[in-house]
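# Breakdown of the fold
Listed below are the residues making up each chain.
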Amino acid sequence: MQAARANQTMAVDMQALVSILPGLRWLMGLLIATVIIAALYFGRGLLIPLALAILLGFLLDPAVTRLKRWGLPRMAATLLVVSMALGALTGMGFYLGKQVQSLSADLPTYQSTIKQKLKNLRSLASGPSAWDGAFKTYDAVGGELSAAAAQAERGKERVQKVEVVRETPKPLDMVVQWLDKVSEPVALAGIVLLFVILILLDRDALRDRLLRLMGGDMHIATDALDEASDRIGKYLRMQFIVNVTYGFPMAVGLWFIGVPGAILWGVLATIMRFVPYVGPMISAVFPLALAFAVTPGWEMLLWTLGLILLLELISNNVIEPWLYGASTGLSTLTIIFAATFWTALWGPIGLILSTPLTVCCLVTGRYLPGLKFLEVLLGSQPVLDAPHRLYQRLLANDVNGALDLTEDEIARDLPGKPSAQDKAHAVVNFYADVGVPTLQLAYKHHAENATAEHRLRLVNGMEDLLQELMDDYPVPSTPAPLAVNLRGRVHCVGARWEVDALAADMAAHSLALHGIHATSAGHALTATLGPEETQDWADVQWLVVSAFHTQPQSMVRQILRRVRRRYPHIQMIALLWNATPAVLAPESLQRMDATAVCTSMQEMLLRMQQLISPEQAAQGYLPAELPAGDDARVQFLQHSGALSPAHLPTYKQVVMKAANAFNVKYAQVSLVDHDWVHTPGSLLVRPTETEAQPGLPRDISICSYVVRDGESLVVEDVARDPRFADNRALLEAEVKFYAGVPLKSKKGEVLGTLCIMHDTPRIMDSDEMHVLREMADDLLDVLREANKIAPVKPAES
């Protein structure tokens, strides 16, 4: 009995401990943050020079590296680059000093102009205005208060004023004071210079020490350092270009206007723009003040002000977005907050260093799980993907926000002048990538956290959203050529719940946008599936049943059995959004007895196109159509020299590198001819090909799709893609995964593809696709050098 009580008490204590753990984590995080901020503040004497030196090291290291590649020792290259930088700064300082001295000598000549303009401004200010009555009332009240205060002071004892006259400092004291003021910046400059030289000399060793300190996974540490270096280096380079494109037109414009010291103010504007927000305002004050003082009229001041505003508009709205892009990865609010934070800690130097330092914090949060919150707080990328954002808008009953998000997602897929087909593809992609995943979230949280109000908001909001899309993107009046094979219509229904019915509405709209006559019930089927629900199904040829249930086998069999009892001619496609591998096993699919089972919107569309086309259904796969201008493309391929046997070692080397880099079983270079796909050096050897002519017919090659579209293609699971599931070439080779990128010249001619394949399904992320595109570009560079092929076109991101 006592043991049971002790166990119960221990369980209660454990529950209490678990309940306070989140609070303890927050307190620990606040304590660590406080310690770090205090260390940054009190250690600024050492940290500021070190941070400045690292920043300058980013700027100077590319020049040192270039000289080292040219054969100069690193010590000599470092000293040469630092000496040249110091020489340039010293020369600029002397020149600017002379400019300042010249301006100082001319300033007394502007006194009369300044006095006259100030006098004119005072006369304008002293004239009658609409506020005169208010000012008189204010002066009267102030006078009464002053009189009352003076009367109260008369009775008090008068106090004699004492003036303290300071002793005139001696020359030696003046020198000491001057040295005190100069010594700190000189010492700071000396420390920074020493740190810069040491960093440039020992860069590799410092990097290795940082990697060792970071510990853990060497891959993650390397990626973190590389990303921080790339982002900061690109930011500094782009900032320098932006500043020059601002300062040079400033100097030229001021020279044409006639403002004295135009070159000085252009250089000052270039330098001060390194200081965020405050720098441009400070650099604008001096030319404006001179334009005010030089001439009696106001034309020069107005021209100078217009020049500055024009340059600011062009720089902020054209040049900076064009050059920066996402170089830092910081949001605008983060940059403003970082400038305030680092200025409070380190003063003006902290303002200059705010962006690079915050970039380091962002990269740290991206690669260290414990500091993931830094990426969330500081990054410019959305912290929620599109399905989660749409789900949140619907839960908040923000239908207008959901509609705005929907339009933005669809517009992102549209070209500049979209056709009706482009719009149809964009809407279907939205349903596949955002709409259905949003409903999957709703299904997942249906019984966990969602209340009745949440469920009602989501259903009503999604219904409004779908109705808006159907109104904005109506179905085409002309049916698709394949639709002539339909004897009836395609009807989409939800198996049991409202989310099933909403997904069925999306499926029906997608089919209709592709020219296939499709309808939807607008509500889910009941468990009994009474006659009143199916009374208008006589003309239905295909029934698409949408289900989010993870184990829908019995439900699908029940629906199919009851439907065929009344309409034996109806064929059914089961659209199972959350099907597990066990549900998709051959035995399970056979027991369901559906004509086809699909797991995505794209698969359903492709499968339907295949099923209603007798030719495609007979051959079991969908060959790619020939692209426009294919004859010219083939002629370009044949005259490019890419088919020469001399390139076989190059192709073998590339495919071996690709297979090793992506850890796949097969890789190949496919050169797509008129009716044959050449695969020199391929790791995939087919039983039907010969050593003299390796390859396969074009109509069964998956690479022909890449050539047709001129874009990358990823098939994560070949068995789930109706275009390739029954392709005999892929079945013989047991290929379950494919990813290919086009080998495209600058003229836009597609020679073929560089592709990788594997015998199991897998996922290919955007970073891996970028690497594959770079490998394709490198291969084209080699071919261009050997055969003088047209320069490679930059890879699409």
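So, here is what we can say about the structure in this document. Just so it is clear, the structure is predicted and the values come from calculations on it, not from any experiment.

## What to know about the overall build of the chain
Scanning the chain for helices and strands turns up 29 helices and 11 strands. Looking at the chain residue by residue over its 797 residues, the buried ones come to 40%. Across the chain, every contact between residues at least 6 apart in sequence was considered, and the portion connecting residues at least 24 apart equals 68%.

## Details of the sheet that holds strand β4 (residues 571–576)
If you walk across this open sheet you meet the five strands as β2-β1-β3-β4-β5, and the pairing is parallel. Bordering the open sheet on either side are β2 (518–524) and β5 (596–598), each of which pairs with just one other strand. The average undirected angle you get between the axes of adjacent strands in this sheet is 20°. One ladder, built from six bridges, connects strand β3 (residues 540–547) with β4; its direction is parallel. Bridge pairing in β4 places L543 opposite M572. Against the sheet, helix α19 (residues 498–513) touches β1 (489–494), β2, β3 and β4, its axis set at about 170° to β2. Relative to the sheet, helix α21 (residues 553–566) contacts β3 and β4, its axis offset from that of β4 by approximately 160°.

## Structural notes on the pairing of β3
Buried residues dominate β3, accounting for eight of its eight residues. Pairing analysis gives six bridges linking β1 to β3, with the strands arranged parallel. Across the sheet, residue H491 finds its bridge partner in β3, namely L543. Assessed by its sense of winding, the connection that carries the chain from β3 through α21 to β4 is right-handed.

## What about the nonpolar core?
Grouped together as the largest cluster of nonpolar side chains are 52 residues, with contacts concentrated most on L390, M462, V490, L511, M601 and M608. Among the elements that line this core, the one with the most residues is helix α17 (residues 420–444), at 11 residues. Residues in contact with M601, not counting those within four places in the same chain, are V428, Y431, A432, V436, M506, A507, S510 and W577. By size, the runner-up hydrophobic cluster in this structure holds 34 residues, among which are V64, A77, I232 and L362.

## Here's the deal with a nonpolar patch on the surface
Together, F240, I241, V244, F248, V252, W255 and F256 give the surface a local cluster of nonpolar side chains, amounting to about 760 Å² of exposed area. Along the chain, F248 turns up in helix α8 (residues 218–257). Judged by its relative accessible area of 58%, F248 is exposed.

## Structural notes on the sheet that holds strand β11 (residues 750–758)
Overall, antiparallel pairing links the six strands, which are arranged β8-β7-β6-β11-β10-β9 in an open sheet. Because the sheet does not close on itself, it has two edges, and the strands there are β8 (695–697) and β9 (713–715). Within this sheet the neighbouring strands show an average axis-to-axis angle of 25°, counted without direction. Here strand β10 (residues 737–744) pairs with β11 via eight bridges, running antiparallel. Of the residues in β11, the one forming a bridge with P742 is T753. Across the sheet, helix α25 (residues 630–640) is in contact with β6 (666–672) and β11; its angle to β11 comes to roughly 85°.

## Here's the deal with the environment of T78
Within the secondary structure, T78 sits in helix α3 (residues 74–106). By relative accessible area, T78 is classed as buried at 0%. In the structure, T78 is positioned 119 residues away from I197 in sequence and 6.8 Å away in space, judged by C-alpha atoms. Those residues in contact with T78 that sit more than four places away from it in its chain are V64, I197, L200 and L201.

## What about the packing of aromatic side chains?
For the coordinates displayed, the defined rule picks out 12 aromatic pairs. Taking the centre distance of 5.0 Å and the plane angle of 75° together, the rings of W255 and F256 count as edge-to-face. Feature note: the residues F337, F341, W342 and W346 constitute an aromatic cluster, connected by ring pairs. Above the ring of Y41, the side-chain terminus of R44 is found at 4.2 Å from the ring centroid.

## Regarding unusual backbone geometry
Positive phi values are uncommon outside glycine, yet N397 reaches one of about 60°. Topologically, N397 is positioned in the loop between α15 (386–395) and α16 (399–412). For N397, a relative accessible area of 48% corresponds to the partly exposed category. Notably, N663 is not glycine yet its phi reads approximately 55°, a positive angle. Structurally, N663 is set in the loop between α26 (648–662) and β6.

## Here's the deal with α25
Within the span of α25, buried status applies to D630, R633, V634, F636, L637 and S640. Looking down the long axis of α25, one finds its buried residues gathered within 155° of arc, a one-sided arrangement. Residues of α25 that are exposed and point more than 90 degrees away from the buried face comprise D631 and H639. Within two residues after α25, G641 carries a phi angle of roughly 90°, on the positive side.

The rules behind the values
- Residues numbered from 1 in each chain as written.
- Predicted model: local features only at pLDDT ≥ 70, side-chain atom pairs only at ≥ 80, totals over all residues.
- Heavy atoms only, no water.
- Helix = DSSP H or I, 4+ residues; strand = E, 2+ residues; numbered from the N terminus.
- Buried < 20%, exposed > 50% of the residue type's maximum accessible area, 1.4 Å probe, protein only.
- Contact = heavy atoms within 4.5 Å.
- Pairing = 2+ DSSP bridges.
- Axes fitted to C-alpha atoms, helices over the stretch in contact; angles between N-to-C directions.
- Right-handed = clockwise from strand over helix to strand, strands pointing away.
- Core = buried A, V, L, I, M, F, W, Y, C linked by side-chain atoms within 4.5 Å.
- Patch = residues over 30% accessible without salt bridge, like charges linked within 9 Å, V, L, I, M, F, W, Y side chains within 5 Å.
- Areas by Shrake-Rupley, 256 points an atom, 1.4 Å probe, with all protein chains shown as cover.
- Salt bridge = Lys/Arg side-chain N within 4 Å of Asp/Glu carboxyl O.
- Phe/Tyr/Trp six-rings, centres within 6.5 Å; stacked < 30°, edge-to-face > 60°.
- Lys NZ or Arg CZ within 6 Å of the ring centre and 35° of its normal.
- Arc of directions from axis to C-beta.

Just geometry here; none of it tells us what the structure is for.
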